[in-house]
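Here's the letter readout for the chains.
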Amino acid sequence: MTLKEAYSYSVYFLSGNGVDEADFKSLCLVCHIAGIRESEYLIHQNDEIITKKLADLLWRVKSGEPLQYVIGKWDFYESEFFVGKGVLIPRPETEELVSLAVEKVKSLSKCVVYDLCAGSGCIGISIAKACPNSTVYLVEKSKDAMEYLLKNCNGVKNAVPVLDDIKNISDDLPLADVIISNPPYIPREQTKNLQKEVMYEPVMALDGGDDGLDFY
C-alpha cells in the first residue's frame, strides 16, 4: 500500500467512525509511520507503507486516544516534544505565553526562570533554547510526567528538571527572576464533562479545584 492509498483509507476509516478532523489526523499518522514531515507528503505519496502498524494506530485513534499520544511526540513553538499517557499535551495557544516570556527574559541579563507545573517541559525548554543566558528550573511533581520531562530536557544544558511540589519548593533552588506557569485551571465539576480525548490526559494537570483557581 502506498502512502496515498494509506491516507485515503485512513480518512475513510476515521470519518466513518465519527472521528473529527479525519483528514488532518490521517495525514499525521501516515507521515509518522513513513518518518517524514507532513509538508513532505506529496513528494512521498507513492512510497510504500507498513499497513499493520497503520491499522494499530488507527484503532487507537478510533478509541478516542489523543493523536499526540498515539504518535508519541508533538510540535510546539520551535521544537518537538515527547508526550504520552501521564503528561498534558502541548497546546498551540500556549505558544503565545512562551513568546511573551522569551521577550521578558531576553530583556534581562543572566537570569533564573522557574517553570512551575512543567509537565512535558514545552514551556520552560522553549524558553531555555531561545534564551541561552538563562537557567530554567522546570518543577514537576508527577513522576509520570517527569519521565517525559527528562527526555525532553536531554541536551538542553540550561534546562534543569526538578521533581518537587510547587507549593513547597526546595530551598536549594536559587531565587527566581521570572516565574512562568500554566497550572491546572479547570473547575473540578467541569472535568467530568470534557471531550473524550481530553479525558485521557492526567486529571492532576487539569483539575484546578472547586473554582479552578487553586494554584492561582
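The numbering scheme is per chain: residues are counted from 1 as the chain's sequence reads. Thresholds applied to this predicted model are a pLDDT of at least 70 for local features of residues and 80 or more for the giving and counting of side-chain atom pairs; totals over whole chains, interfaces and linings are not thresholded and use all residues. Note that water and hydrogens are dropped before the side-chain values are worked out from all heavy atoms of the structure.

Turning our eyes to something else, we now look at the nonpolar core. For the purposes of this section, nonpolar cores are sets of buried Ala, Val, Leu, Ile, Met, Phe, Trp, Tyr and Cys residues that join through side-chain atoms within 4.5 Å. Note on exposure labels: buried denotes an accessible area under 20% of the residue type's maximum, exposed denotes more than 50%, and partly exposed covers the range between, all computed with a 1.4 Å probe on protein chains only. V105, V113, I125, I127, L138, L149 and A159 are the most contacted members of the largest nonpolar core, which has 24 residues in total. For this core, the secondary-structure elements that each account for two or more residues are α6 (95-106), β3 (111-116), α7 (122-130), β4 (134-140), α8 (143-153) and β6 (178-181). For the purposes of this entry, the term helix denotes a DSSP run of H or I that reaches at least four residues, the term strand denotes a run of E that reaches at least two, and both are numbered from the N terminus. Per-element tally for this core: the top contributor is α7, with 5 residues. Counting residues in hydrophobic clusters, the runner-up holds 22 residues, among them L29, I36, V61 and I71.

Taken together, M1, Y9 and Y12 make up a surface patch of nonpolar side chains, about 350 Å² in accessible area. Tracing the backbone shows Y9 in helix α1 (residues 3-16). By definition, no residue in a patch forms a salt bridge, and every one has over 30% relative accessible area; like charges are joined within 9 Å, nonpolar side chains (Val, Leu, Ile, Met, Phe, Trp, Tyr) within 5 Å. Per-residue accessibility takes into account occlusion by the displayed protein chains alone, with areas from the Shrake-Rupley method and a 1.4 Å probe. Between Lys or Arg on one side and Asp or Glu on the other, a salt bridge is scored when a side-chain nitrogen of the former is within 4 Å of a carboxyl oxygen of the latter.

All right, on to α8 then. When we look at burial in α8, the residues that qualify are A145, M146, Y148, L149, N152 and C153. The arc that holds every buried residue of α8, seen down its axis, measures 165°, which confines them to one face. Note on definitions: a residue-residue contact is assigned when non-hydrogen atoms from the two residues lie within 4.5 Å. Against β2 (79-82), α7, β4 and β5 (159-163) lie the buried residues of α8. For α8, the capping residue at the N-terminal end is S142, with a side-chain oxygen 3.3 Å from the backbone nitrogen of D144. The arc refers to the directions leading from the helix axis to the C-beta atoms. Any pair of nitrogen or oxygen atoms within 3.5 Å is treated as a polar contact; in protein, a donor-acceptor pairing is required on top of that, and neighbouring residues in sequence qualify only through side-chain atoms on both sides.

Every second residue of β2 is oriented toward a common face, the buried set being S79 and F81 and the non-buried set E80 and F82. Note on pairing: DSSP must find at least two bridges between two strands before they are called paired. Taken together, the 4 bridges between strand β1 (residues 73-76) and β2 define a ladder with antiparallel strand orientation. The residue bridging F76 from the neighbouring strand is S79, located in β2. Counting the residues in the hairpin turn of β1 and β2 gives 2 residues, including Y77, whose phi is positive at 55°.

With 12 residues, α6 should cover 16 Å at 1.5 Å per step; its first-to-last C-alpha distance of 16 Å lies within 8% of that length. Buried within α6 we find V98, A101, V102 and V105. For α6, the angular spread of buried residues about the axis comes to 105°, placing them on one side. When the buried face of α6 is taken as reference, the exposed residues oriented beyond 90 degrees from it are E96, L100 and E103. Where the residues of α6 are buried, they touch β1, β3, α7, β4 and β6. To estimate the expected span of a helix, count its residues, drop one, and scale the result by 1.5 Å.

Below, the discussion takes up the confidence of the model for the protein. For every residue, the predictor states its confidence as a pLDDT score lying anywhere from 0 to 100. With 100% of its residues at a pLDDT of 70 or more, the protein has an overall mean of 91. Here helix α4 (residues 51-62) is the element of the protein with the lowest mean pLDDT, 91, and α7 is the one with the highest, 97.

What follows concerns the packing of aromatic side chains. Ring geometry is summarised as follows: Phe, Tyr and Trp rings, the Trp one being its six-membered ring, pair when their centres sit within 6.5 Å, and such pairs are stacked at plane angles under 30 degrees, edge-to-face over 60 and tilted between the two. For the structure on display, the rule yields 6 aromatic pairs. Look at Y7 and Y41: their rings are 5.6 Å apart centre to centre, the planes differ by 55°, and that puts the pair in the tilted class. On the criterion of sequence distance, the pair formed by Y7 in helix α1 and Y41 in helix α3 (residues 41-44) is long-range, its members being 34 residues apart. With relative accessibility at 10%, the residue Y41 sits in the buried group. Pairwise contacts between aromatic rings join Y9, F13 and W59 into one cluster.

So, on to the side chain of S26. Within the element layout of this structure, S26 appears in helix α2 (residues 22-34). Ignoring sequence-local partners within four residues, the contact set of S26 consists of Y7, S10, V11 and L14.

Another aspect to go through is the sheet that holds β5. Strand order in the open sheet formed by 4 strands is β5-β4-β3-β6, and the pairing between neighbours is parallel. The open sheet has two edge strands with one neighbour each: β5 and β6. Strand-to-strand twist across the sheet, computed as the mean angle between neighbouring axes with direction ignored, equals 20°. In this structure, β3 lies alongside β4, joined through 6 bridges in parallel fashion. Paired with L116 across the strands is V139, a residue of β4. In this fold α6 packs onto β3, β4 and β6, with an angle of close to 175° to the strand it touches most, β6. Axis definition: a line fit to C-alpha positions, over the contact stretch in the case of helices; interaxial angles, taken between N-to-C directions, run 0 to 180 degrees. Those strands touched by α8 are β4 and β5, and its axis lies near 165° from that of β5.

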